[in-house]
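# What the coordinates show
One-letter residues, chain by chain:
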Amino acid sequence: MRLTPQEQMNELRERVAEIVDLGQAAAVLGWDQETMMPPKGAEYRATQQATLHGVIHERLTNARIGELLSSLEEPDVQSTLSEVDRAIVRVIRRDYDRATKLPESLVKDLAMATTRGVESWRRARRESRWEIFAPDLKRIVELKRREASCIGYKEHPYDALLDEFEPGATASQIGPLLNQLRNETVALLARIDQSPRRPDRTVLEQPYAIAGQKAFGELILRQMGFDFEAGREDTSAHPFTTSFGPTDVRITTRYDENDLATALYATIHEGGHALYDQGIPPGFARNGLGESASLGIHESQSRLWENFIGRSLPFWQFALPRLIEIFPSQVDNASPETMFGAVNRVARSLIRVEADEVTYNLHIILRFELELALIANEIDVDDLPRLWNEKMRDLLGIDVPNDAVGVLQDTHWGSGLFGYFPTYSLGNLYAAQLWATIRRDVPDLDHRLSQGDFQVVLSWLRQKIHRFGRMYTPSELIQQATGEPLNPQYLIRYLNDKYRAIYPPA
Ligand code: CO
């Protein structure tokens, strides 16, 4: 007997809820591994994760899901479904297709190649010897090209890979945006070089006891609206955010006893991610929509809090008196302006993760251009170190002394992550456009922020972004929230205005 559409929908929802549960259980294991697990736990943890991910894959690719989707996609059935149910069918179709289009042999080959890739990358970076990593990377690139052809694409094989992280985005759409950003940033950087003013960063570079940093970070998180009854903050080597559902969101940070900015901005950044995860409606938590619209949208939330708020003058007008209470001898003589300058110093540097707000996107554009050409087979893995160094000179005007601080600095390619890097810059572009809209909607925004009223921003983001989870594609979401498609001019204008104030012309 044929089930009614509602019964089919219920069955799909039940199956999806179990897959979500399994995924979150795997996330708990992953969080534990990074924060609590003793070193000897690694071996069993790897088999536990492999088993769990195998079960998840099996459930997601179950032919019954395919049957339910096909039936629920029929036009006369679609018209009887609610908007939420139609969205569930759409996103599960996407996940199902991505999971079923890759032959099992390719999935296995990729898993093996990237396990080896991460290992040889680590050794290659330690010894700064590209040739240790190059053979594994060649294999990974070859497999990623195969993956792209299995997934399918209209214009560029890279699009199939990009789509995993940024649904609907294509190289031909984001290429020109990033190119504009590149040209404007290079010009801005030249103006910054000409400025007679150099912000002094020494106020940040003093001994700051970790207990005090922890207390300050927690104060800022509470002020942002992070719910400690629905999340916690721990320490890990690399800060990250992970969610086991909207009422249990974990963030981590890391501390530098001699630099206040490290933990503070990691905390605000991950806090921004966490607010998004805590803002997912409970009704979405287990139905497949309880995730971010994309990595780029997720990153827009972290960057908005970290840079547009955390690195603003109003933020320091609010935060400095609180910091003085905890670290009187370090910051008693500082002004909000001192702090504002110190946290916004621009420096041409080799390492992406240490880059400031202005140069950061150049690091991304460099990687985007290289991986795009690599996937299109226009360049070879062996060309990468030379091209990397040329682009570093072109874009940032610096010479790369060795590959360890050049082409070997990031783990992404060894892990098979192609199409991931641009989501960092998309995050900045989305954040700037959202920020401009928030500014328009809240005329006394700076004053409110200087009073520590961050709630006004959180409410806006909850209303325009968080509550939709994965219901809309990133471009639909941005159009809806800001009234226009993604426009790089918002970020360009923001950077020019902000850094003209910090680095005034002669
Ligand atoms: Co982030």
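Conventions and cut-offs
- Residues numbered from 1 in each chain as written.
- Predicted model: local features only at pLDDT ≥ 70, side-chain atom pairs only at ≥ 80, totals over all residues.
- Heavy atoms only, no water.
- Domains from an automatic or database assignment.
- Contact = heavy atoms within 4.5 Å.
- Buried area = accessible area lost by both parts, 1.4 Å probe.
- Salt bridge = Lys/Arg side-chain N within 4 Å of Asp/Glu carboxyl O.
- Polar contact = N/O pair within 3.5 Å; in protein donor to acceptor, adjacent residues only side chain to side chain.
- Helix = DSSP H or I, 4+ residues; strand = E, 2+ residues; numbered from the N terminus.
- Nonpolar A, V, L, I, M, F, W, Y, C, P; charged D, E, K, R; others polar.
- Buried < 20%, exposed > 50% of the residue type's maximum accessible area, 1.4 Å probe, protein only.
- Pairing = 2+ DSSP bridges.
- Axes fitted to C-alpha atoms, helices over the stretch in contact; angles between N-to-C directions.
- Donors = N, O, S within 2.8 Å, 3.2 Å for Na, K, Ca; no water.
- Parallel < 35°, antiparallel > 145°, perpendicular 65-115°, else oblique.
- Left-handed = near helix turned anticlockwise from the far one by under 90°.

Split by domain assignment, the protein chain resolves into domain 1 (5-152) and domain 2 (171-502). The partner domain 2 presents 42 residues to the 38 residues of domain 1 that form the contact. Here domain 1 meets domain 2 over a buried area of about 3,400 Å², counting both sides, of which 63% is carbon and sulfur. When the area that domain 1 buries against domain 2 is broken down by residue, the three leading residues are Trp31, Trp130 and Arg145, summing to 22%. Inspection of the domain 1/domain 2 interface yields three salt bridges. Note that Lys138 is salt-bridged to Asp382, the shortest N-O span being 3.0 Å. Applying the counting criterion to the domain 1 and domain 2 interface returns 14 residue pairs in polar contact (both at pLDDT 80 or more). Taken together, the elements giving at least two residues each to the side of domain 1 that touches domain 2 come down to α1 (5-35), α5 (83-101), α6 (104-127) and α7 (130-151). In terms of residue count, α1 provides more of the side of domain 1 that touches domain 2 than any other element does, 11 residues in total. Of the residues assigned to the side of domain 1 that touches domain 2, the class counts are 21 nonpolar, five polar and 12 charged.

Okay, the side chain of Ser71 next. You can see Ser71 is positioned in helix α3 (residues 63-72). Exposure remark for Ser71: the relative accessible area of 10% places this residue in the buried category. Among the polar contacts made by the side chain of Ser71, one reaches the side chain of Gln8 at a distance of 2.5 Å.

Our next topic: the sheet that holds strand β2 (residues 241-243). Taken in spatial order, the three strands make up an open sheet running β1-β3-β2, and their pairing is mixed. Pairing within the sheet leaves two strands with one partner each, and these edge strands are β1 (231-235) and β2. Going across the sheet, the axis of each strand differs from the next one's by a mean of 20 degrees, ignoring polarity. As judged from the three bridges shared by β2 and strand β3 (residues 249-253), these two strands associate in the antiparallel manner. Looking at the pairing, Thr242 lines up with Arg250 of β3.

Another point: the coordination of the cobalt ion. Around the cobalt ion, the protein contributes the donor atoms His269 (NE2), His273 (NE2) and Glu299 (OE), which lie 2.2 Å from the metal centre. Spacing between the donor residues of the cobalt ion along the chain follows H-x3-H-x25-E. On the criterion of sequence distance, the pair formed by His269 in helix α11 (residues 260-278) and Glu299 in helix α12 (residues 295-309) is long-range, its members being 30 residues apart. Side by side, His269 and Glu299 carry an identical accessibility label, which is buried.

Moving on to the packing of α1 against helix α2 (residues 42-60). Contact pair α1 / α2: the axes reach a minimum separation of 10 Å and the direction vectors enclose 160 degrees. Between α1 and α2, the interaxial angle falls into the category roughly antiparallel. As α1 runs across α2, the sense of the crossing is left-handed. Between α1 and α2, the contacting residues are Glu18, Ile19, Leu22, Gly23, Ala25, Ala26, Leu29, Gly30, Asp32 and Gln33 on the first element and Arg45, Gln48, Gln49, Leu52, His53, Val55, Ile56, Arg59 and Leu60 on the second.

This part is about unusual backbone geometry. Its identity is not glycine, yet Ser128 carries a phi of approximately 50 degrees, on the positive side. With respect to the secondary-structure elements, Ser128 resides in the loop between α6 and α7. Residue classification places Ser128 among the partly exposed residues on the basis of a relative accessible area of 24%. The phi dihedral of Asn377 is positive, around 70 degrees, even though this residue is not glycine. Mapped onto the fold, Asn377 is located in the loop between α16 (360-375) and α17 (384-396).

The next point concerns the pattern of salt bridges. If charged atoms from side chains of opposite charge come close, those side chains can pair. A full pass over the atoms with the stated rule returns 45 salt bridges. Among the ionic pairs, Glu291 bridges to Arg470, the shortest N-O distance being 3.9 Å. Pair noted here: Glu291 is in the loop between α11 and α12 and Arg470 is in the loop between α20 (455-464) and α21 (474-482), with a separation of 179 residues, a long-range link. Overall, Glu291 belongs to the partly exposed group, its relative accessible area being 41%. Judged by relative accessible area, Arg470 falls into the buried class, the value being 11%. The closest approach of N and O atoms between Arg500 and Asp497, which form a salt bridge, is 3.8 Å. Here Arg500 pairs with Asp497, and both are found in helix α22 (residues 489-502), just three residues apart, close to one helical turn. According to the relative accessible area criterion, Arg500 is partly exposed, its value standing at 45%.

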